[in-house]
Amino acid sequence: MSSLGGERKVSASLSRSIRGTTPRLADLASTPESPRTPLLRSTSSLFGSPGGSFRTEDEYVVLEIGSRFVRGGFPGESTPRCTLSFGLEEQRRMGDYRQWDPEYGHKRRKRKRGEEWGQDYELYRLDLAQVDLGLVEDKFERAMREAYNKYFLLDTKPRRILLALPPKMPHSLMSTILDVLFGSFQAPSIMLMSSPVLSTVAAGLRSALVVDIGWAETLVTAVSEYREVHERRTTRAAKLLSEEMAKLLNAALANDVEDGSPKADVSFEEADEVLTRVGWCKSKPKSNRNTLYFPARTSPILEEFEDAVESPEPSVTIPFTRNTPPTEITVPFASLAKPAETSLFAPGTALNEFDDDELPLHHLIYRALLSLPMDVRRLCMSRIIITGGVSALPGLKTRILAEVEALVQQKGWDPVRSYGSASARHEQVLRQQREIFELRRQEGEDKVSESLDPDAPLPAGLQDPEEDAIDAKLAHLALRNGAPPSCSIGGTIRGVETLGAWAGASLVAQQRIRGIVEIERERYLQHGLQGANREKEVSVVPQRQSMGPGVVRGAGERASWTLGVWA
Amino acid sequence: MAQPFPYTYYACDCYDSNNTTSSKRASQILAAAEEEDRTFDPRSPRSNYSLYPLEHLLYCEDCQQIRCPRCVLEETLNWYCPSCLFEVPSSVVKSDGNRCTRNCYNCPICTSPMTVNSLDTSNDNGPPYILACPYCHWSTVEIGIEFEKHTGISSQLARIANGGKPIPTQKERDKERERRKELGSRKRDGRDVLSHSEDSPSTDTERDDPPPSHDDVFSNLGAFYKAQIEAQTPSNPFSPHDITFSSPSAYNRIMNLYSNTSSKRNKRQKPAPMREAASLIEGLTVHNPSADAAAIERIKKEGWAATLSPAQKLTQINPNIRFESDLRPIATLLCTKRSKRCRSCRHILSKPESKITSTRYKIKLLALNHIPRLSIRALPSTATMPPPPSSSTQQPQFNYNALNSGIPTHFLLHLSNPLFDPIRVTLATPSTTPGKVQSRVTILCPQFEVGANTDVWDDALSSSLSPIKRGSIINADGQIEAGKIWDRGRNWTSVVIEVVPGFLKPVAGFGQQVDGADGEEELGEDEDVLEIPVFVRIEFEADVNAEERGLGDARGSKGERERREEAFWTVVGVGKIAGM
């Protein structure tokens, strides 16, 4: 028994393997190479029978917090129970029923002075200098109260919370949110998970490039084996897009009304509604890239989709009931794709004119891929997940993928871009590569005829390698037992659909996987976020404890807690 | 605001106590400290979260404080459907979710309750049945759904997809997944034997399938992760599932535990790391451009009317839809009866009767019964001003929606006392209202007393409390004299407040600079509303309440009384200032 104990100790210190505890994402990432010794649950005393008592039913509520919406629901469900927004109507005083006034629906709201586009509709923004955290707390508290009272309908038993957050968040904002959840909703513990990782989970992947086109900014996160490895962001996101749409509608309305009447100023709701209803994005990039060289085989397909002028030009009639007088305007269908074009891709601007934080999406994705290590890049580039509210815009995903593909074709994976003579060399190298590629392909097709000619020996580089019987056998074995070959696909640009971060969180909670960041209520109330361990990684395997019958600490309890990526 | 003028809002204290949370940054704490002696600003966006009509507030008798919905804890007593008033047991809520599982549905277009109608043209109301909206005439015919029975709609609806195709249940899904997996593995085995065979045609047929629904993908993913995790942790000797020693595998494991040699060999086996999903049946969906193109084509063809508004989308169970043909009728959300406890002392503040159809309460501690009600109304101008001769005979209704800028107007602040003890009241208000439009406010008599809420008949029987002569507070010039109350009754007192409504636009010659840019600016929503923050402080002597008296009994006197005071901010909405 003593030797067994010694071995157990060694194994515990060697690595954090899985051994009977509920698995964690990070554990799944590492291959457990250590022996699997059984873990004696510390709650069950040495002489008691195992089982029964220690599996406390941990029930979760799954929340996802974004800057404009909060989603909430229960694990194992495919859609959230509620999606709550932070519009003007949600911010009214109690007992203010003006939104039910039939006249009110026809009035257009004006933007307040000095207020940014859509500021009233945000829960928070990352620039905390402009944020009243008290107001954030008020808004969030009211939304959560609605979620609990109207949609969750829970009994009195307190529930743990699985909280999906963006991976970078100011600590004061986080503690505002945690204050509400711990204080007003009595959560015994809150588990934080970052939304790109959860989006990856909801796509069924382990590594991915997650492009989250959110409200204020687009966040490109490279996730490798369930860990964030790289992150880039740009301000080209929903806010810019809807502002651009409002400009378009204002121009269309100004054309419509006769002179003399006051200039129309479309409200946020109207622009948002038009965008979500009839907004779209051209799924093929414009062909004015003269420098772009497509391989001979693919170019005709791309050229085929030139903007064929349709006669009559299709158009969409948009009602404006809030306008005075209520009106309808007819907008050419093609123009409804322009806001997405200008705000997300900015095709007319040279690359050097962009500031660091406003790169167009495809360039941002390309640069993120470029800065990844080669093997991670190989995995990520064929697992591009586009998510976030704007990604529902029809045509946008196709467009982004096509643009990225074109960029890769054009530039390859060379971080050196335009450096005088270097660029010429670059072109040359690319062309050479392409020629070799073409040559190979042609050879592949003509192989039969060539092999008929025994006199000309193939160069060594083009010869088929000798087949190793053992290699073949191993490959067979791997095929039968291991992952199917499609799991290791890489090296090409490919988009993968995800169900979204909330669904990922729901899946994670359903499988009872515990995250790295788990905050206990008592500890949080004592120290706040300051109580977190400075280390980013905390051993998630419970430390071995003496097995005496007096041990009563819960199995799940940890000595310290960390903030992980949020630290 | 949207309440008809004039109105009164009460501010709950939790607003103040929230101001000094530990989470604030240092600069904000400083700012908060400065704010200590500042007046309540009804224009600040935070005030919307702390102001309530008096009727919405509760009162904790132990903490002697107002309790707003924010500072109570709520406990659900029972669940019911507001449409059919059927009480749903908590186990059903847990298993079937937060919606009515009977025939209650709301229209996805206009949210009004739907009715079950028969499509049968003969008069006996036979099948097929549909759900139809009596308000906007939307019906399930538009999404191609008809029902065979007129009862159990939700179970029928759960089995029909839009267009009439059946939806597989969870069990059927699992079975189908197993079948496909087997098919796939057999194919793979076959390929192993045949070494390199071409893709069988079955993969092509799979591609022709319509894109899987959100639910399908989710259940596929869930099953995939479950299988992977089970493959990861097979040897959990104390897992509650295989604790029995009857199964040979469990026995084997136990033996392995205690025999060193065999266990070492076994432990060398590395389990493969969890892999990612590889195919559609495992939940992997590769982006498909044709779906995008189809959606664009559809918008182009069908235009605005076929798409959904954001509100309509959000009320759907699955909000990731775009077109009208994807709508589903919405099952009615259940409602709950909840009891409320004070957050700090956990005493129950309100508890309804558990019977669904009863609206009575077992416990109900309303602020209405503990806090004086403050209200405002316009002072009939005959008494206040030198009456204009023409209008004196017929008094026009005072128009609260058009207050005249710059003209002093008198209002009556009316304070009624629900307590059984007389109270002494001190009112305070900032001399100018906060916000862009600054109005000057003066309470002519800020300190006064209000009688106790005694028996109604006392008023009639006692003749001592005669009404004050109006003439006495109007002096010779027709001005109202400061420091005197206007009127008083059994448990109420009213005082006069003088308001000079401000100017919506800066006017030259009134001490304000007419700035070009400023003058151009339009007023935002509600900025022309005249709201006066009034601080109310009441003092009274009350019986020592039961618990404390119990302690005090040892020392003696039973009829001991204690001084109490309460203070709170209120906001009085007077009216709208008319533009000039």
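Bear in mind the structure is a predicted one, so any value in this text is a computation, not a measurement. (Residues numbered from 1 in each chain as written. Chains lettered and ligands numbered in written order. Predicted model: local features only at pLDDT ≥ 70, side-chain atom pairs only at ≥ 80, totals over all residues. Heavy atoms only, no water.)

### Observations concerning the overall build of chain B
Working step 1: Assigned secondary structure in chain B consists of 16 helices and 23 strands.
Working step 2: In chain B, 67% of the contacts between residues at least 6 apart in sequence involve partners at least 24 apart. (Helix = DSSP H or I, 4+ residues; strand = E, 2+ residues; numbered from the N terminus. Contact = heavy atoms within 4.5 Å.)

### Comments concerning the sheet that holds strand β11 (residues 384–387) of chain A
Strand pairing in a sheet relies on backbone hydrogen bonds, with the paired strands running either antiparallel or parallel.
Working step 1: Overall, mixed pairing links the six strands, which are arranged β8(A)-β7(A)-β6(A)-β11(A)-β12(A)-β10(B) in an open sheet. Of all strands in the sheet, those with a lone pairing partner are β8 (227–234) of chain A together with β10 (285–286) of chain B, marking the two edges.
Working step 2: The sheet contact formed by strand β6 (residues 208–213) of chain A and strand β7 (residues 218–224) of chain A spans six bridges and is antiparallel. Pairing of A:V211 across the sheet is with A:V220, part of β7(A).
Working step 3: The strands that helix α11 (residues 374–381) of chain A touches are β6, β7, β8 and β11 of chain A; relative to β7(A), the one it contacts most, it runs at about 115°.
Working step 4: The sheet contacts of helix α12 (residues 396–411) of chain A involve β6, β11 and β12 (495–497) of chain A, and relative to β11(A) the element is tilted by about 145°. (Pairing = 2+ DSSP bridges. Axes fitted to C-alpha atoms, helices over the stretch in contact; angles between N-to-C directions.)

### Focus: the environment of A:S207
Working step 1: One can find A:S207 in the loop between α5 (195–202) and β6.
Working step 2: In this structure, A:S207 is in contact with A:T200, A:V223, A:S224, A:E225, A:L379, A:R383 and B:E276, ignoring residues within four places of it in sequence.
Working step 3: Reaching out from A:S207, the side chain makes a polar contact with the backbone nitrogen of A:E225 at a distance of 3.2 Å. (Polar contact = N/O pair within 3.5 Å; in protein donor to acceptor, adjacent residues only side chain to side chain.)

### Let's talk about the pattern of salt bridges
Working step 1: Tallied over the full model, the rule gives 40 salt bridges over all chains.
Working step 2: A:E146 is paired through a salt bridge with A:K150; the nearest N and O atoms lie 3.9 Å apart. Residue A:E146 and its partner A:K150 are located together in helix α3 (residues 133–152), separated by four residues, close to a single helical turn.
Working step 3: A relative accessible area of 40% places A:K150 in the partly exposed class.
Working step 4: In this structure, B:R338 engages B:E74 in a salt bridge whose closest nitrogen and oxygen atoms are separated by 3.0 Å. You can see B:R338 sitting in strand β12 (residues 335–342) and its partner B:E74 sitting in strand β5 (residues 72–80), a full 264 residues away along the chain.
Working step 5: For B:R338, a relative accessible area of 23% corresponds to the partly exposed category. (Salt bridge = Lys/Arg side-chain N within 4 Å of Asp/Glu carboxyl O. Buried < 20%, exposed > 50% of the residue type's maximum accessible area, 1.4 Å probe, protein only.)

### Quick notes on the sheet that holds strand β3 (residues 82–85) of chain A
Residue and element names in this part refer to chain A.
Working step 1: Reading across the sheet, the six strands line up as β3-β2-β1-β4-β5-β13 and stay open at both edges, with mixed pairing between neighbours. Looking at strand neighbours, the two that pair on one side only are β3 and β13 (517–520), the edges of this open sheet. Put simply, the sheet's adjacent strands are angled 20° from each other on average, direction ignored.
Working step 2: Pairing geometry for strand β1 (residues 60–65) and strand β4 (residues 160–165), over five bridges, is parallel. Each bridged residue has a counterpart across the sheet, and for Y60 the counterpart in β4 is R160.
Working step 3: Its contacts with the sheet put α5 on β4 and β5 (189–194), and the angle it makes with β5 is roughly 75°.
Working step 4: The strands that helix α15 (residues 501–510) touches are β1, β2 (69–73), β4 and β5; relative to β1, the one it contacts most, it runs at about 155°.

### Regarding the packing of aromatic side chains
Working step 1: According to the stated counting rule, one finds 15 aromatic pairs over all chains in the structure shown.
Working step 2: With a centroid separation of 5.6 Å and an interplanar angle of 35°, the aromatic rings of B:Y10 and B:F568 are classed as tilted. With B:Y10 in strand β1 (residues 7–11) and B:F568 in strand β23 (residues 561–576), this residue pair connects regions lying 558 residues apart in the sequence.
Working step 3: The class of B:F568 is buried, set by a relative accessible area of 3%.
Working step 4: Three or more aromatic residues link up through ring pairs in this structure, and these residues are A:F74, A:Y148, A:F152 and A:F185. (Phe/Tyr/Trp six-rings, centres within 6.5 Å; stacked < 30°, edge-to-face > 60°.)

### Examining the nonpolar core
Working step 1: Of all hydrophobic cores here, the largest spans 68 residues; its most connected members are A:I318 and A:L336.
Working step 2: Grouped together as the second largest cluster of nonpolar side chains are 55 residues, B:C445, B:I485, B:L504 and B:V529 included. (Core = buried A, V, L, I, M, F, W, Y, C linked by side-chain atoms within 4.5 Å.)

### Description of the confidence of the model for chain A
Residues and elements named next belong to chain A.
Working step 1: Looking at chain A, the pLDDT average stands at 76 and 73% of residues meet or exceed 70.
Working step 2: Contacts for the low-pLDDT stretch residues 1–23, under 50 throughout, to residues beyond four places or in other chains number 48 contacts.
Working step 3: Low pLDDT (under 50) marks residues 288–306, which in the prediction has 16 contacts with non-local residues, meaning those over four places away or in another chain. (pLDDT = per-residue confidence, 0-100.)

### Topic: unusual backbone geometry
Across the chain, the bulk of peptide bonds are trans and the bulk of non-glycine residues have phi less than zero.
Working step 1: Cis geometry marks the peptide bond from B:F5 to B:P6; its omega dihedral reads -15°.
Working step 2: Mapped onto the elements, B:P6 comes out in the segment before β1.
Working step 3: One non-glycine residue with positive phi stands out, namely A:A346, at about 45°.
Working step 4: You can see A:A346 is positioned in the loop between α9 (338–345) and α10 (361–370).

### Focus: a nonpolar patch on the surface
Residues and elements named next belong to chain A.
Working step 1: On the surface, I470, L474 and L477 cluster together to form a nonpolar patch covering roughly 320 Å² of accessible area.
Working step 2: Tracing the sequence through the fold places I470 in helix α14 (residues 469–481).
Working step 3: Classification of I470 as exposed rests on a relative accessible area of 58%. (Patch = residues over 30% accessible without salt bridge, like charges linked within 9 Å, V, L, I, M, F, W, Y side chains within 5 Å. Areas by Shrake-Rupley, 256 points an atom, 1.4 Å probe, with all protein chains shown as cover.)

### What about the environment of B:V441?
All names here are of chain B.
Working step 1: Within the fold, V441 resides in strand β18 (residues 440–443).
Working step 2: The buried category is assigned to V441, whose relative accessible area is 6%.
Working step 3: Between the C-alpha atoms of V441 and E498, which are 57 residues apart in sequence, the distance is 5.8 Å.
Working step 4: Discounting chain neighbours no more than four positions away, the residues touching V441 are T429, P430, S431, T433, I497, E498 and I532.

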